[in-house]
Amino acid sequence: MSGLLVTVAPTGAETAKEDCPQLPTTLEELVATAVECEEAGARMIHVHIRDDDHAPTLDLGRLTDTVDALHEKTELIVQLSTGGSVHDPLDKRLKVLDAGPDSCSLTMGTTNFGDDVFSNPWPFIAELYQLTQERGVVPEFELFDLGHVAALQRLLGKYGLPAGGKVHVDFVMGVPGGMPGTSAALVAGVAALPDEVTSWSATGIGRSTLPVMLTSLAMGGHLRVGMEDVLTLAKGVPVDANRQLVERAVEAAAVAQREPMSTDEAWALLGLKR
């Protein structure tokens, strides 16, 4: 089995601070979380940011300050979400790259998202992908459904490989409206990946966290964990800090005889230069 890339997604855009006070929503909280999670074994951080009222925002100044602070205090790969919240307009989502991240999320299609719709029309996908190529930002292709795997194959066939030459994808599973967070769904998704894909990870939302984690580890995949995706360690046991979720992933990986990648290995996996 290969080394393990653990990505931490500490905040997200859905959970309200008032409902979960331990959620890191200020820059200081986010940086402190990043430092703890890096020490626990994370090598990449998937970032959503909040404003002074703890509401999701794509403010470019705040995004830039966040990228700079994370680079100053950690050696984590900084991946900005280009999804924002489901209510953010497409033009603002394109400007996320102006903040200078190492990586960004790139969702491969529109999907129902609970009671909302997460809009990712093909022209937006194509424009965002070409911007990542021009800027040298490495995309992580987010796959919420099997149709998104087919869209990825179409994208790579039309526009070629990403900056750095590596293709890393993440299966986001268990979102109401997307693929279920089951072993069978992950096996089917991995089997359908195009040959250009060089690495993949999986994310289980809510109750699907553990089955998706264990299946990914068994199949040689990587993991994304964090309070964006789950707020409990077990029924009735809340997560107090993102570090706990990273530690649990590392402990599970140890049973599968897999160790967290070194910093250099993680950057090389994605075709990035430090």
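Heads up: the structure comes first, above all this text.
Below is a summary of the structure that appears in this document. (Residues numbered from 1 in each chain as written. Predicted model: local features only at pLDDT ≥ 70, side-chain atom pairs only at ≥ 80, totals over all residues. Heavy atoms only, no water.)

This part covers the packing of helix 4 (residues 122-135) against helix 5 (residues 146-159). It is at 11 Å that the axes of helix 4 and helix 5 come closest, and there the two elements cross at 50°. Here helix 5 runs oblique to helix 4, going by the angle between their axes. As for how helix 4 packs across helix 5, the hand of that crossing is right-handed. Together, Trp122, Ile125, Ala126, Tyr129, Gln130 and Gln133 of helix 4 and Ala151, Arg154, Leu155, Leu156 and Tyr159 of helix 5 make up the contact between the two elements. A class-by-class count of the residues in the contact of helix 4 with helix 5 yields 8 nonpolar, 2 polar and 1 charged. (Axes fitted to C-alpha atoms, helices over the stretch in contact; angles between N-to-C directions. Helix = DSSP H or I, 4+ residues; strand = E, 2+ residues; numbered from the N terminus. Parallel < 35°, antiparallel > 145°, perpendicular 65-115°, else oblique. Left-handed = near helix turned anticlockwise from the far one by under 90°. Contact = heavy atoms within 4.5 Å. Nonpolar A, V, L, I, M, F, W, Y, C, P; charged D, E, K, R; others polar.)

With that out of the way, let us pick up the pairing of strand 2 (residues 44-47). What you see with strand 2 is no split at all: Met44 and His46 on one side and Ile45 and Val47 on the other are buried throughout. Looking at chain direction, strand 1 (residues 6-8) and strand 2 are connected through 2 bridges and run parallel. Across the sheet, Thr7 pairs through a bridge with Met44, a residue of strand 2. As a crossover connection, the stretch from strand 1 through helix 1 (residues 27-40) into strand 2 is right-handed. Here 4 bridges tie strand 2 to strand 5 (residues 77-80), and the two strands are oriented parallel to one another. By the bridge assignment for strand 5, Ile45 is matched with Val78. (Buried < 20%, exposed > 50% of the residue type's maximum accessible area, 1.4 Å probe, protein only. Pairing = 2+ DSSP bridges. Right-handed = clockwise from strand over helix to strand, strands pointing away.)

Strand order around the closed barrel formed by 8 strands is 1-2-5-6-9-10-11-12, with parallel pairing between neighbours. Averaged over all pairs of adjacent strands, the angle between their axes in this sheet comes to 30°, without regard to strand direction. Summarising the sheet, strand 9 (residues 138-143) and strand 10 (residues 168-173) pair through 4 bridges and their orientation is parallel. In the sheet register, Leu143 faces strand 10, and the bridge partner there is Phe171. Those strands touched by helix 4 are strand 6 (103-107) and strand 9, and its axis lies near 160° from that of strand 6.

This paragraph deals with a negative patch on the surface. Taken together, the side chains of Asp59, Asp65, Asp68 and Glu72 define an acidic patch exposed on the protein surface. You can see Asp68 is positioned in helix 2 (residues 60-73). For Asp68, a relative accessible area of 44% translates into the label partly exposed. (Patch = residues over 30% accessible without salt bridge, like charges linked within 9 Å, V, L, I, M, F, W, Y side chains within 5 Å. Areas by Shrake-Rupley, 256 points an atom, 1.4 Å probe, with all protein chains shown as cover. Salt bridge = Lys/Arg side-chain N within 4 Å of Asp/Glu carboxyl O. Lys, Arg positive; Asp, Glu negative; His and termini not counted. Charge placed at Lys NZ, Arg CZ, Asp CG, Glu CD.)

A few words now on the environment of Val237. One can find Val237 in strand 14 (residues 237-238). Sequence separation of Val237 and Leu131 is 106 residues, and the distance between their C-alpha atoms is 42 Å. Leave out the neighbours within four places in its chain, and Val237 touches Leu231 and Thr232.

All right, on to the nonpolar core then. The biggest cluster of nonpolar side chains holds 37 residues, and the ones touching the most others in it are Ile45, Val47 and Val246. Within the residue set of this core, elements represented by two or more residues are strand 1, helix 1, strand 2, helix 2, strand 5, helix 7 (209-219), strand 12 (222-225) and helix 8 (242-255). No other element matches helix 8, which puts 6 residues into this core. Other than its neighbours up to four places away in sequence, Ile45 contacts Thr7, Val8, Pro10, Leu30, Ala34, Leu70, Leu76, Ile77, Val78 and Gln79. By size, the runner-up hydrophobic cluster in this structure holds 31 residues, among which are Leu97, Cys104, Phe124 and Leu152. (Core = buried A, V, L, I, M, F, W, Y, C linked by side-chain atoms within 4.5 Å.)

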